[in-house]
Amino acid sequence: MLAVYDETEILRDYIEGELREATAKATEETARETTERVEKDTAKNMLREGLSIEQVIRCLPGLTVEDVQEIQRQMHQAE
């Protein structure tokens, strides 16, 4: 009887650990995606205000030159 309890407890602990790990990973991914979206929106606003790509990148180091150029290209296509 004790062995069954121990196995059940081990399995429960394992499942709880897997759940914690999956939750942490999902939370981290969501935070990364949100930060990226906010930075891109901010870059778009900065470009609308007339700042250069270089100025945007200095203010938003999470974006690359290519990211900002793509944002700028999309803005011109939308006009």
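The following refers to the structure shown. What you are looking at is a predicted structure, and each value in this text was computed from that prediction instead of being measured.

### Quick look at helix α3 (residues 65-78)
For α3, built from 14 residues, the straight-helix expectation of 20 Å at 1.5 Å per residue is met to within 8% by its first-to-last C-alpha distance of 20 Å. Residues of α3 that are buried: Val68, Ile71 and Met75. Take α3 and look down its axis: the buried residues cluster within an arc of 55°, on one side only. Away from its buried face, by an angle of more than 90 degrees, α3 presents the exposed residues Glu66 and Gln77.

### Quick word on the side chain of Glu39
Here Glu39 is to be found in helix α1 (residues 2-48). Buried and without a salt bridge, Glu39 has Lys40 as its closest oppositely charged side chain, separated by 8.7 Å. Apart from residues no more than four positions distant in its own chain, Glu39 is found in contact with Leu60, Gly62 and Leu63.

### Topic: the nonpolar core
Note on soluble globular proteins: their nonpolar side chains tend to be buried together. With 10 residues, the main nonpolar core is built from Ala43, Met46, Leu47, Ile53, Val56, Leu60, Leu63, Val68, Ile71 and Met75. Of all the secondary structure elements, the ones that give two or more residues to this core are α1, α2 (53-59) and α3.

### With respect to the environment of Met75
Assignment of secondary structure puts Met75 in helix α3. Apart from the residues lying within four places of it in its own chain, the contact partners of Met75 are Lys44, Leu47 and Arg48.

### With respect to the environment of Ile71
By the secondary structure assignment, Ile71 is in helix α3. By relative accessible area, Ile71 is classed as buried at 6%. For the pair Ile71 and Lys44, spaced 27 residues apart in sequence, the C-alpha separation works out to 6.6 Å. Residue contacts for Ile71: discarding those within four places in its chain leaves Lys40, Ala43, Lys44 and Leu47.

### A few points about the pattern of salt bridges
Under the definition given, this model contains five salt bridges. Among the ionic pairs, Glu9 bridges to Arg12, the shortest N-O distance being 3.2 Å. Here the residue Glu9 and the residue Arg12 both occupy positions in helix α1, the gap between them amounting to three residues, near one helical turn. A relative accessible area of 24% places Glu9 in the partly exposed class. Exposure remark for Arg12: the relative accessible area of 41% places this residue in the partly exposed category. Two residues, Glu36 and Lys40, come together in a salt bridge whose shortest N-O distance is 3.2 Å. Here Lys40 and Glu36 lie together in helix α1, a separation of four residues that amounts to about one turn. The class of Glu36 is partly exposed, set by a relative accessible area of 33%. Bridged by salt links that share partners, the residues Glu29, Arg32, Glu36 and Lys40 form one connected network.

Here is what the cut-offs are and how they apply
- Residues numbered from 1 in each chain as written.
- Predicted model: local features only at pLDDT ≥ 70, side-chain atom pairs only at ≥ 80, totals over all residues.
- Heavy atoms only, no water.
- Helix = DSSP H or I, 4+ residues; strand = E, 2+ residues; numbered from the N terminus.
- Expected span 1.5 Å × (residues − 1).
- Buried < 20%, exposed > 50% of the residue type's maximum accessible area, 1.4 Å probe, protein only.
- Arc of directions from axis to C-beta.
- Lys, Arg positive; Asp, Glu negative; His and termini not counted.
- Salt bridge = Lys/Arg side-chain N within 4 Å of Asp/Glu carboxyl O.
- Contact = heavy atoms within 4.5 Å.
- Core = buried A, V, L, I, M, F, W, Y, C linked by side-chain atoms within 4.5 Å.

None of this, on its own, says anything about what the molecule does.
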